[in-house]
Amino acid sequence: MRGLTVIKLKVLFADKDPIQATDRGFAYGDGLFETVRMVGQKAVLRQLHLNRMVTDALRLGIPISHAELDTALSQAAQRFSGQRSSDTSGNWILKMILTRGSGGRGYRPPVSVEPKLIVSASTFPPLPDPDGVVAGFASIPLMVNPHLAGIKSLNRLEQVMASQEFTEDDWELIMKDRSGDLVEGTRTNLMARLGEEWVTPPVGSIAVSGVMRQYAMECLKKAGEQVAERPLPADLASMPEFRGLYLLNSVFGVVPVRILERVNLPVDGTLATIANPLETLE
């Protein structure tokens, strides 16, 4: 970012502030987003969301600070909490979209950068069945650019295409890489229990390194559990040591898969008990 002129982060509230058609997030997907579960004015996994956005923004060359984002989240919480609480627990969803702003010639970023943070709120979606959900396989493969691996960027066309394949029974569709290994869901990360070990695909192979994935791994390690990052084969349910497949999402937490491609899977509540994201409320 040598020679870059940085202007203070500009916060836009989607319900009142116009978004320019020249914004690079709109034109090129040049930005990031976070989807945050809120309970009243408190954010679930708050620090992990903020840390990821700052880290990934710097990977893209979008200069922002943790303090700026933290202040913006607090402002949004105060603004929207009374309007968007959708149940007696005060749950709602805050979305934060960070873009590089406007400017530059074509794809080339501008020398003077004015990052923009667009914040919006929505009602909380229905929670999945705690006894487990139905999942299938998407036919759309997930190809991850190693330079962008793990970044929750605005470029999500593979997930959009895969999501058109949902049936009425599917809660999630799981995507495979070029080798046929399971990579992640359209909106979730994966974790399987194989014997006494918890296994999740390596961060270099996934499109989004989810904050719930990070939180679950940290909680498991603190609990003395064995955690490994390695590929998950598509036939893992037939492996003798297979003990369950779980979907990880910062809004829903741990979601067990009860049926995968019409095959019944074992389910238990161990992971959900060890890694409860609601315990992170500040």
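The paragraphs below set out a description of the structure included in this document. (Residues numbered from 1 in each chain as written. Predicted model: local features only at pLDDT ≥ 70, side-chain atom pairs only at ≥ 80, totals over all residues. Heavy atoms only, no water.)

## Regarding the nonpolar core
As a reminder of what qualifies: In these notes, a set of buried Ala, Val, Leu, Ile, Met, Phe, Trp, Tyr and Cys residues joined through side-chain atoms within 4.5 Å is what counts as a nonpolar core. Only protein chains enter the area calculation, which uses a 1.4 Å probe; residues under 20% of their type maximum are buried, those over 50% are exposed, and those in between are partly exposed. What counts as a helix is a DSSP run of H or I of at least four residues, what counts as a strand is a run of E of at least two, and both are numbered from the N terminus. Here, two residues are considered to be in contact whenever any of their heavy atoms come within 4.5 Å of each other.
Of all hydrophobic cores here, the largest spans 26 residues; its most connected members are Ile64, Leu69, Leu94, Met96, Leu98 and Leu117. Looking at this core, the elements that each hand over two or more residues are strand 3 (31-39), helix 2 (46-60), helix 3 (66-84), strand 5 (91-99) and strand 7 (116-123). The dominant element in this core, judged by the number of residues it contributes, is helix 3, at six residues. Setting aside its immediate chain neighbours within four residues, leucine 98 contacts Leu9, Asp30, Gly31, Leu32, Met53, Ala57, Ile62, Ile64, Pro115, Lys116, Leu117 and Leu154. Grouped together as the second largest cluster of nonpolar side chains are 22 residues, Phe124, Ala192, Leu245 and Leu260 included.

## Thoughts on the pairing of strand 3
The line we're drawing: Strand pairing follows a simple DSSP-based rule, namely that at least 2 bridges must link the two strands.
For strand 3, the tally of buried residues reaches nine of nine residues, placing the bulk of the element in the interior. Neither face of strand 3 is exposed, since Gly31, Phe33, Thr35, Arg37 and Val39 on one face and Leu32, Glu34, Val36 and Met38 on the opposite face are all buried. In this sheet, strand 5 lies alongside strand 3 in antiparallel orientation, the contact comprising nine bridges. Paired with glycine 31 across the strands is threonine 99, a residue of strand 5. Relative to strand 4 (residues 42-43), strand 3 runs antiparallel, the two being bridged by two bridges. Across the sheet, methionine 38 pairs through a bridge with alanine 43, a residue of strand 4. Linkage of strand 3 to strand 4, two consecutive antiparallel strands, is achieved through a turn of two residues, within which glycine 40 is found at a positive phi near 65 degrees.

Interpretation in functional terms is not warranted from these geometric data alone.
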